[in-house]
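Residue-level structure breakdown
For reference, the chains in residue letters:
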Amino acid sequence: MLLVQGLLPAISMTLLRQLVDNLVVVVGGGVSWTSIQKILAPVGVIGGLLLVGEFFSSAGEWIRTAQSELVHDYVTDLIHKQCVAVDYCFYESSEDNDKLNRAKEGASGRALALLESTGSLLQNSITLFAVAAILLPYGLWLPMILVVSAFPAFYILMYLNKIQYQWSQRTTTVRRWLIYYDSLLTGDQTAAEVRLFDFGDYFQSSYKKLHRQLTQEKLKLLKKQTLGRFAAAIFVLLVSGVALAWMGRQVLLGILSLGDLALFVQAFNQGQGIVKSLLGNLGQIYRNGLFISNLFEFLQIQPKIVNPPNPLPVPAIPKQGIHFRQVTFRYPGTEKPVLENFNLILPAGKIVVVVGDNGAGKSTLIKLLCRFYDPESGSIELDGIDIREFSVQELRRLITVLFQSPIPYYTTVSENIALGDIWAASNQTEIEAAAKASGIDDKIMQLPQGYNTMLGKLFPEGTDLSGGQWQRLALARAFFRRAQIIILDEPTSAMDPWAEHDWLERFRTLASDRTAIVITHRFTLAMRADIIHVMRAGQIVESGTHDELLAQDSLYAESWKSQMQAGTSNSFESSVVGSLKQHKGNSTHL
Ligand SMILES: Nc1ncnc2c1ncn2[C@@H]1O[C@H](COP(=O)(O)OP(=O)(O)OP(=O)(O)O)[C@@H](O)[C@H]1O
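Bear in mind the structure is a predicted one, so any value in this text is a computation, not a measurement. (Residues numbered from 1 in each chain as written. Predicted model: local features only at pLDDT ≥ 70, side-chain atom pairs only at ≥ 80, totals over all residues. Heavy atoms only, no water.)

1. Digging into the nonpolar core
Val-413, Ile-417, Ile-444, Leu-473, Phe-507 and Tyr-556 are the most contacted members of the largest nonpolar core, which has 42 residues in total. Top contributing element to this core by residue count: helix 16 (residues 467-480), with 7 residues. For this core, the two domains that each supply at least three residues are domain 2 (317-398 + 483-544) and domain 3 (406-482). In contact with Phe-507, other than residues within four places in its own chain, are Ile-351, Phe-479, Ile-486, Leu-488, Ala-516 and Val-518. One finds Ile-380, Leu-382, Ile-517 and Met-535 within the second-largest nonpolar core, a separate group that totals 34 residues. (Core = buried A, V, L, I, M, F, W, Y, C linked by side-chain atoms within 4.5 Å. Buried < 20%, exposed > 50% of the residue type's maximum accessible area, 1.4 Å probe, protein only. Helix = DSSP H or I, 4+ residues; strand = E, 2+ residues; numbered from the N terminus. Domains from an automatic or database assignment. Contact = heavy atoms within 4.5 Å.)

2. Topic: the UniProt feature "transmembrane region" (unreviewed entry) in the chain
Mapped onto the present numbering, the UniProt feature "transmembrane region" (unreviewed entry) falls on residues 140-160 and 227-247. Taken end to end, residues 140-160 comprises 86% helix and 0% strand; its first and last C-alpha atoms sit 32 Å apart. As annotated, residues 227-247 comprises 100% helix and 0% strand, and the C-alpha atoms at either end are separated by 31 Å. (UniProt positions renumbered as here; feature names shortened; annotations may be inferred.)

3. Some thoughts on the packing of helix 7 (residues 172-186) against helix 9 (residues 200-252)
Remark: helix 7 packs on helix 9, axes separated minimally by 9 Å, with the N-to-C direction vectors making an angle of 155 degrees. Considering their axes alone, helix 7 and helix 9 lie roughly antiparallel with respect to each other. Helix-helix and strand crossings are classified by hand; for helix 7 and helix 9 the assignment is left-handed. In this structure, helix 7 uses Val-174, Arg-175, Trp-177, Leu-178, Tyr-181, Asp-182, Leu-184 and Leu-185 to contact helix 9, whose residues at the interface are Gly-200, Phe-203, Gln-204, Ser-206, Tyr-207, Leu-210, His-211 and Leu-214. When grouped by side-chain class, the residues that make up the contact of helix 7 with helix 9 number 10 nonpolar, 4 polar and 2 charged. (Axes fitted to C-alpha atoms, helices over the stretch in contact; angles between N-to-C directions. Parallel < 35°, antiparallel > 145°, perpendicular 65-115°, else oblique. Left-handed = near helix turned anticlockwise from the far one by under 90°. Nonpolar A, V, L, I, M, F, W, Y, C, P; charged D, E, K, R; others polar.)

4. Comments concerning the site of the ligand
Around the ligand sit 15 residues in total, of which Glu-92, Asn-358, Lys-362, Ser-363 and Thr-364 are the nearest. One of the side-chain N or O atoms of Glu-92 is found 2.6 Å from a nitrogen atom in the ligand. Residue Lys-362 places a side-chain N or O atom 2.8 Å away from an oxygen atom belonging to the ligand. Partitioning the shell around the ligand into residue classes produces 3 nonpolar, 8 polar and 4 charged. (Near = heavy atom within 4 Å. Polar contact = N/O pair within 3.5 Å; in protein donor to acceptor, adjacent residues only side chain to side chain.)

5. A short note on the domain arrangement of the chain
One widely used convention gives an interface's size as the accessible area the parts lose upon coming together. On domain assignment, one finds that the chain holds domain 1 (2-173 + 209-299), domain 2 (317-398 + 483-544) and domain 3 (406-482). A straight line from the C-alpha centre of domain 1 to that of domain 2 covers 62 Å.

6. Looking at unusual backbone geometry
The residue Asn-341 is not glycine, and still its phi comes out positive at about 45 degrees. Looking at the element boundaries, Asn-341 is found in strand 2 (residues 339-347). Asn-341 sits in the partly exposed class, given a relative accessible area of 42%. The backbone of Glu-461 sits at a positive phi, close to 60 degrees, despite the residue not being glycine. Following the sequence through the fold, Glu-461 ends up in the loop between strand 7 (454-455) and strand 8 (462-463).

What follows is the structure in structure tokens.
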């Protein structure tokens, strides 16, 4: 198709010359059926060619759309796969987020544009060769001048494309800020605070300020591009003028016919148009190639948290437990270690609670245990084996985590719970058992369509849950996983005290044969653990049962007393008031 489309203009031009020459003969020699036939034949063929051209151009539209969808699907799939494959820490680095943004920014559009420009380049090259072949008999210098006249434009185009790319690279972070402000203003998660704190105008003006700055820079670039293109176009016009003057002279001298002149004018004009398109194609290929290099840069990122060459089998049921041995860890790009020569034993089959003040390093322990990060030195062992010796996926399958802020998934209730173990066959009985264990079953039964109710208000017929109910649902998801190691990070923070008491009883039964690690600020929860570890500034400073720690009369006991003095022992208010008092400057706060 490219070949036919590429040759069509040249064939039309040749036919046009024949038509004009025949017309001159007819006008000079009188009208007869034979002479009219000579005109009708090229007219018919030209008409036919126009039809073929139109058909191909319409078919081209269909092909372009199909190609566009295919390329889009392919590139999006690559990006999604890589987004899941990169390390967790990728999302905590501004530089890496820039890379992702650049890869995503029109990646599929650019890939398609590259494909189209290459196709167009081929077609235009074929046309240019055919046109050059037509011009060649009038002088070798004609096709050459056609190409040479395009050199300045070529240089300008490449230069402009390069500076546009550099500008785009430089402003990636600024454009990410725009996306961020936009999400604050338009997202459902921020809608309440935007209204309450009335900071809509504030973020809107931040957005506008940045956007204005970008627009000004963009317009400056465009101005440069326009001036550059204008200068190149003037040069091309001058060259055309010289060539036309020469051709006109040849006709006046009788060396060439009027048909030749018609052919020449069309060929030279078309030739220049084609050279211009070719340059455009080259510029596009160059620019899109630069942008697509961003996609490749992102796709080439290799995760650092990888499986060992010969992974050891993960214990189906841990017997000894988890041992943090002399672990030192600092977050990438930070100076101060969060953990330094840290030691902790979490025995199998026990419920262990880790309490500690904000920033003590409790959540960091979870991230290390799940291998979102690896320690700088020391090791984390499961039944005496360094967890780096296991396959990452196998290790993670052994663990279930209820994170501090569970994600509300906008799917049905059943799917929400089943997401806890996508590898397990979705069994409704087990889903309901997990919901009962987490204490959300009663609420689900009151929903319009029970377990088939769509959650979240973002999509049609969705129902929302309260914060505590979402938390219980996340807990059901964690239970559904049936993992041997259960990690709960502030599991009851959004629950009322009655719910918490009820839940604790269930949890004891559920976790009876598993290893449970609970991170909490709530003493009412901590006191029921088999072992309590008190963490402060990256170290375990006290360990024991609730009674043992009270007997030690140290940090834990002090914080416990402080909470108890604030109210009755088990009440929600006591925890909150106690915590608030501690935050007011008491050095022994937990
Ligand atoms: N991604 C990160 N990059 C750099 N520093 C981090 C990162 N995440 C946490 N930190 C720092 O590491 C320290 C420990 O954080 P961590 O989240 O483990 O504390 P925590 O005990 O769980 O606190 P909280 O009780 O408030 O949840 C803190 O000083 C925190 O600022």
